[in-house]
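What the coordinates show
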Amino acid sequence: MDYRTLGQSGLRVSAIGLGCMGMSHAYGAPADRRDMTELLADAVDMGYTFFDTAESYGTVDNPHDNEELLGEALKPFRDKIAIATKFGITFENLAAPGVHAVVTDSRPEVIRRSVEGSLRRLQTDHIDLYYQHRTDPRVEPETVASVMAELIKEGKVLHWGLSEASVEYLRRAHSVCPVTAVQNRYSMMARWNEALFPVLQELGIGFIAFSPLANGLLSRCYTATDHFDVANDYRAYMPQFQEDSFGKNKALFSLLDELAERKHATPAQISLAWMLCKKPWIVPIPGTRKLCRLKENIGAADISLSAEEIKGIDEALDAMHMSDVFSGSLVKSRAI
Ligand SMILES: NC(=O)c1ccc[n+]([C@@H]2O[C@H](COP(=O)([O-])OP(=O)(O)OC[C@H]3O[C@@H](n4cnc5c(N)ncnc54)[C@H](OP(=O)(O)O)[C@@H]3O)[C@@H](O)[C@H]2O)c1
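Residues numbered from 1 in each chain as written. Predicted model: local features only at pLDDT ≥ 70, side-chain atom pairs only at ≥ 80, totals over all residues. Heavy atoms only, no water.

Each helix and strand in the protein chain was counted, giving 11 helices and 13 strands. The C-alpha radius of gyration computed for the protein chain amounts to 19 Å, which stays within 12% of the reference 20 Å derived for 336 residues, consistent with globular compactness. Overall size of the protein chain, expressed as C-alpha extent along the three principal axes, is 50 × 45 × 40 Å. Accessible surface, the protein chain: about 13,900 Å² in total, of which carbon and sulfur atoms supply 52%. Charge separation in the protein chain, taken as the distance between the mean sites of 36 positive and 45 negative side-chain charges, equals 2 Å. (Helix = DSSP H or I, 4+ residues; strand = E, 2+ residues; numbered from the N terminus. Rg over C-alpha atoms; globule rule 2.2 N^0.38 Å. Areas by Shrake-Rupley, 256 points an atom, 1.4 Å probe, with all protein chains shown as cover. Lys, Arg positive; Asp, Glu negative; His and termini not counted. Charge placed at Lys NZ, Arg CZ, Asp CG, Glu CD.)

Below, the structure is given as structure tokens:
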């Protein structure tokens, strides 16, 4: 496994992290706790040192299921790994079917309560990377950054980050307390965040790519006949998994297949290698519940694509017709 260093504060993580959300949330009924505990231990064994969760990744019965799972499963390895978690949102009406809106709340007293809850559930005395999950229009970036500076001083948080913040917000927050990483959606189907790369380069901030496989579609393991549970699986509502999308994405699939054959790799590995080879400060965090995919995804770090090859892929993607891709839950402000 290859390792990367993020931000001026130097957070060192495996080049590929493990997104743990889908073990509890948004990808069907939660996975078996014992199986996931074993999977997380296997991930550490393979060289994964970067695990992504959030206080809001939960189930109808347990709104903090995912942090509790990680806390228990990763306890034996705590000093060898980095845990990233997030504050600042709750999902609205989790018991209802469909994609849930998120409600933002980053008032300082709420962040303080969140950090204590996360530390307890994660069974640790520090969070390696603490993200604001979504910005709160009612709280200034300077206020949030000041709370982060205090938490870092207290040793409860080692590094901090932002998810889906604007450039202006990022710059203002960073000027108060240096940001180590930004976590945004990024895949061959969702490239709008490339516009942020020059700013990240300038400020020395790492980029964590969430949903790097376009929620699994780029693996080529899904077909138009796959159906997902409308009660608890967001993929049932994602544009890229609708039947007509498979026709619209033919050119993308051909590109992935051709590259996979040429590089003796799988389409999922190509999708991850493409972003890994762009910048040394990009770290994708694919999610999986399966051991074979943990192994496959980590293998992407061994695939090399030249600058010329990346340019060719980007040009092909620019010119290509493809379906829409899921762009996230509706974000709402809390009631005052
Ligand atoms: N900051 C945010 O707002 C935010 C939002 C969304 C996600 N995230 C984070 O990002 C992580 C990753 O995103 P994501 O899980 O939504 O999307 P993703 O990583 O693009 O896709 C996950 C899906 O791909 C499948 N998969 C993974 N590797 C595969 C492979 N090699 N071959 C075939 N299928 C494969 C998984 O199925 P199997 O389980 O069957 O392998 C899973 O259903 C999340 O776990 C979460 O930690 C953050």
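From this point on, the discussion continues.
Okay, the side chain of Ser14 next. One can find Ser14 in strand 2 (residues 11–14). Residue classification places Ser14 among the buried residues on the basis of a relative accessible area of 0%. Within the structure, Ser14 has its side chain in polar contact with the backbone oxygen of Ile16 (distance 2.8 Å). Aside from chain neighbours lying at most four places away, what touches Ser14 is Met1, Asp2, Tyr3, Gly47, Tyr48, Thr49, Phe50 and Val283. (Buried < 20%, exposed > 50% of the residue type's maximum accessible area, 1.4 Å probe, protein only. Polar contact = N/O pair within 3.5 Å; in protein donor to acceptor, adjacent residues only side chain to side chain. Contact = heavy atoms within 4.5 Å.)

What follows concerns a negative patch on the surface. Together, Asp32, Asp35, Glu38, Asp42 and Asp45 line one region of the surface with negative charge. Topologically, Asp42 is positioned in helix 1 (residues 33–46). Given the relative accessible area of 30%, Asp42 is considered partly exposed. (Patch = residues over 30% accessible without salt bridge, like charges linked within 9 Å, V, L, I, M, F, W, Y side chains within 5 Å. Salt bridge = Lys/Arg side-chain N within 4 Å of Asp/Glu carboxyl O.)

It is worth spelling out helix 8 (residues 250–262) at this point. Every α-helix carries 3.6 residues per turn, so stepping three or four residues along brings you back to the same face. For helix 8, spanning 13 residues, the distance from its first C-alpha to its last is 18 Å, which sits close to the expected 18 Å at 1.5 Å a residue. The set of residues buried in helix 8 consists of Leu252, Phe253, Leu255, Leu256, Leu259 and Ala260. Here the buried residues of helix 8 occupy an arc of 160° about the axis, which is enough to place them on one side. Exposed side chains of helix 8 directed beyond 90 degrees from the buried face belong to Lys250 and Glu261. Looking at the packing, one finds that the buried side of helix 8 touches helix 7 (243–248), helix 9 (267–276) and helix 11 (307–319). His264 sits one or two positions beyond helix 8 and adopts a positive phi of about 50°. (Expected span 1.5 Å × (residues − 1). Arc of directions from axis to C-beta.)

Looking now at the confidence of the model for the protein chain. For any part of a model where pLDDT is low, the fine detail of the predicted coordinates should not be relied upon. Averaged over the protein chain, the pLDDT score is 97; the fraction of residues at 70 or greater is 100%. Here strand 13 (residues 331–333) stands out as the least confident element of the protein chain, with mean pLDDT 94; strand 4 (residues 50–52) is the most confident, with 99. (pLDDT = per-residue confidence, 0-100.)

The buried count for strand 10 (residues 181–185) comes to 5 of 5 residues, which makes it a mostly enclosed element. Where strand 9 (residues 157–163) and strand 10 come together, 3 bridges link them in parallel fashion. Looking at strand 10, one finds that Ser163 is bridged to Gln183. For the crossover that starts at strand 9, traverses helix 5 (residues 167–176) and ends in the parallel strand 10, the hand is right-handed. When strand 10 meets strand 11 (residues 206–210), the two strands line up parallel, connected through 5 bridges. What sits directly across from Gln183, in strand 11, is Ile208. At this point the chain moves from strand 10, through helix 6 (residues 197–203), to the parallel strand 11, and the crossover so formed is right-handed. (Pairing = 2+ DSSP bridges. Right-handed = clockwise from strand over helix to strand, strands pointing away.)

Residues in close proximity to the ligand total 32 residues, the closest being Tyr27, Asp52, Thr288, Lys290 and Arg293. Taking Gly19, its main chain carries an N or O atom lying 3.4 Å from an oxygen atom of the ligand. Cys20 places a polar main-chain atom, nitrogen or oxygen, 3.4 Å from an oxygen atom of the ligand. Here the ligand, which alone exposes 900 Å², has 95% of that area covered by the protein. Ranked by residue count, the leading element in the shell around the ligand is helix 10 (residues 291–298), at 3 residues. (Near = heavy atom within 4 Å.)

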